[in-house]
Amino acid sequence: MATNGDQQATPKPPPSPSPLRNAKFFQANMRILVTGGAGFIGSHLVDKLMENEKNEVIVADNYFTGSKDNLKKWIGHPRFELIRHDVTEPLLIEVDQIYHLACPASPIFYKYNPVKTIKTNVIGTLNMLGLAKRVGARILLTSTSEVYGDPLIHPQTESYWGNVNPIGVRSCYDEGKRVAETLMFDYHRQHGIEIRIARIFNTYGPRMNIDDGRVVSNFIAQALRDDPLTVQAPGTQTRSFCYVSDMVDGLIRLMQGDNTGPINIGNPGEFTMIELAENVKELINPKVEIIMVENTPDDPRQRKPDITKAKELLGWEPKVKLRDGLPLMEDDFRTRLGVPKNK
Ligand SMILES: NC(=O)c1ccc[n+]([C@@H]2O[C@H](COP(=O)([O-])OP(=O)(O)OC[C@H]3O[C@@H](n4cnc5c(N)ncnc54)[C@H](O)[C@@H]3O)[C@@H](O)[C@H]2O)c1
Ligand SMILES: O=C(O)[C@H]1O[C@H](OP(=O)(O)OP(=O)(O)OC[C@H]2O[C@@H](n3ccc(=O)[nH]c3=O)[C@H](O)[C@@H]2O)[C@H](O)[C@@H](O)[C@@H]1O
């Protein structure tokens, strides 16, 4: 029985996996659904899962913030399938594992249609849990450090219940993810579903949308375009940035391990937004200007994961430091923006 956040779990057994898993003569591939697999983290996760020849990967995505381009190397591959699908509608397929990532992640995009964002988090997660229940699949939810809101304890441990504004402009996302976590545990206790919950902290890397609006992609694109780096006031707010390959490694370990979570997955290296801008300036364009601009409501003032649980329970910790990850993302942005290195 999985351990960690499920101390109150009843001993209800999980639904049976597909009879294919017990077949004597033909061991079918593991069929893995990745919702939101055309997005930034999802497409890197798909790359990693496809490396294993025993995996078949099915992506379901509505392309709101993701793109087929992120998956182009897999389109047509016999172990890969891409479905245009909105998770707010039921999905009837046969799978063994579900990585449930579908949800816009950049504040600009999740605030664009907040009602849709909360439907994606609540109805979308209900639909994926319903699917997990019918086919006996294990399901992993990519939750977020935003469940801690503007945290009053620092660094954030999984036992902290958070400081979230329930009626603010970010609530569609952070309260949406909190309800999604609740649904996961209710399905686990009531129906025995095998669940995994990752609380992801700010992740960056190649393939982020150039105009995604999140801070690392903004600063790198601005530096390459010779536009001022826009630090939102006061600039002393902190974030901890995790490189995407580390994140994918953590998610797969969580899915394959015995712990339900929630488990923080992030890089504890903490930077103010002014420090981040200075790093980008130094590494990418020493001539670029740094300016202070207005912030948006409810911006968390500090954020840093306590990753003791991830270390102990998953044997995971991040390997890529910010100053090593930024140049890798710079190369990708240069290619996509058509800005050569020696400009
Ligand atoms: N990147 C981060 O720093 C971060 C931090 C915390 C949590 N997360 C979570 O990780 C997941 C992936 O984030 P990302 O950074 O790759 O974001 P992303 O926006 O690049 O990817 C999200 C994907 O979900 C798809 N999607 C959105 N709504 C959908 C719907 N209703 N039906 C089907 N598909 C839908 C999008 O088209 C996109 O491909 C999200 O659940 C996000 O909340 C990300
Ligand atoms: O990791 C998380 O848990 C969450 O982090 C992010 O939310 P946020 O930290 O607000 O991400 P950004 O929009 O990148 O902002 C980070 C900080 O940079 C600042 N910022 C942003 C953009 C910019 O141009 N300049 C700037 O200074 C913001 O004010 C904020 O303080 C993600 O977008 C969420 O999807 C994710 O769930």
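Now for a quick tour of the structure. (Residues numbered from 1 in each chain as written. Chains lettered and ligands numbered in written order. Predicted model: local features only at pLDDT ≥ 70, side-chain atom pairs only at ≥ 80, totals over all residues. Heavy atoms only, no water.)

Each helix and strand in the protein chain was counted, giving 9 helices and 15 strands. The C-alpha radius of gyration computed for the protein chain amounts to 20 Å, which stays within 12% of the reference 20 Å derived for 343 residues, consistent with globular compactness. Dimensions along the principal axes, computed over C-alpha positions, put the protein chain at roughly 65 × 45 × 40 Å. Taken over 343 residues, the protein chain has a buried fraction of 54%. For the protein chain, long-range pairs separated by at least 24 residues make up 81% of all intrachain contacts whose partners lie at least 6 apart in sequence. Of the accessible surface of the protein chain, which amounts to about 15500 Å², a share of 53% is contributed by carbon and sulfur atoms. Counting 42 positive and 42 negative side-chain charges, the protein chain places the centres of these two groups 4 Å from one another. (Helix = DSSP H or I, 4+ residues; strand = E, 2+ residues; numbered from the N terminus. Rg over C-alpha atoms; globule rule 2.2 N^0.38 Å. Buried < 20%, exposed > 50% of the residue type's maximum accessible area, 1.4 Å probe, protein only. Contact = heavy atoms within 4.5 Å. Areas by Shrake-Rupley, 256 points an atom, 1.4 Å probe, with all protein chains shown as cover. Lys, Arg positive; Asp, Glu negative; His and termini not counted. Charge placed at Lys NZ, Arg CZ, Asp CG, Glu CD.)

Turning next to the sheet that holds strand β13 (residues 263–265). If you trace the 7 strands from one edge of the open sheet to the other, you get β4-β3-β2-β5-β6-β7-β13, paired in parallel fashion. Single-partner strands in this sheet number two, and they are β4 (80–84) and β13. Averaged over all pairs of adjacent strands, the angle between their axes in this sheet comes to 20 degrees, without regard to strand direction. With 6 bridges joining them, strand β2 (residues 30–35) and strand β3 (residues 55–61) adopt parallel strand pairing. Pairing of valine 34 across the sheet is with valine 59, part of β3. Taken strand by strand, helix α6 (residues 244–256) contacts β5 (97–100), β6 (138–144), β7 (195–200) and β13, and its axis lies near 160 degrees from that of β7. (Pairing = 2+ DSSP bridges. Axes fitted to C-alpha atoms, helices over the stretch in contact; angles between N-to-C directions.)

Right, let's get into the packing of aromatic side chains. What characterises a pair of aromatic rings is the spacing of the ring centres plus the angle enclosed by the ring planes. Summed over all chains, the structure comprises 7 aromatic pairs. For the pair tyrosine 148 and tyrosine 160, a centre-to-centre distance of 6.0 Å together with 20 degrees between the ring planes defines the contact as stacked. Of this pair, tyrosine 148 sits in the loop between β6 and α4 (171–191) while tyrosine 160 sits in the loop between β6 and α4, placing them 12 residues apart in sequence. For the pair formed by tyrosine 148 and tyrosine 160, the shared burial category is buried. Taken together, the aromatic side chains of Phe64, Phe109 and Tyr112 make up a single cluster linked through ring pairs. (Phe/Tyr/Trp six-rings, centres within 6.5 Å; stacked < 30°, edge-to-face > 60°.)

Bringing the side chain of serine 240 into the picture now. One can find serine 240 in strand β10 (residues 238–240). Judged by its relative accessible area of 0%, serine 240 falls in the buried class. At a separation of 3.5 Å, a polar atom in the side chain of serine 240 contacts the main-chain carbonyl oxygen of glycine 269. One polar contact links the side chain of serine 240 to the main-chain carbonyl oxygen of arginine 303, over a distance of 2.8 Å. (Polar contact = N/O pair within 3.5 Å; in protein donor to acceptor, adjacent residues only side chain to side chain.)

What follows deals with the pattern of salt bridges. Inspection of every chain in the model, using the stated rule, returns 23 salt bridges. In this structure, aspartate 96 and arginine 31 form a salt bridge, with 4.0 Å as the shortest nitrogen-oxygen distance. Here aspartate 96 is found in the loop between β4 and β5, whereas its partner arginine 31 is found in strand β2, with 65 residues between them in sequence. Taken individually, aspartate 96 and arginine 31 each receive the classification buried, so the pair is uniform in this respect. Connected through shared salt-bridge partners, Glu146, Arg170, Arg239, Asp299 and Arg303 make up one network. (Salt bridge = Lys/Arg side-chain N within 4 Å of Asp/Glu carboxyl O.)

Worth remembering: the numbers are spatial, not functional.
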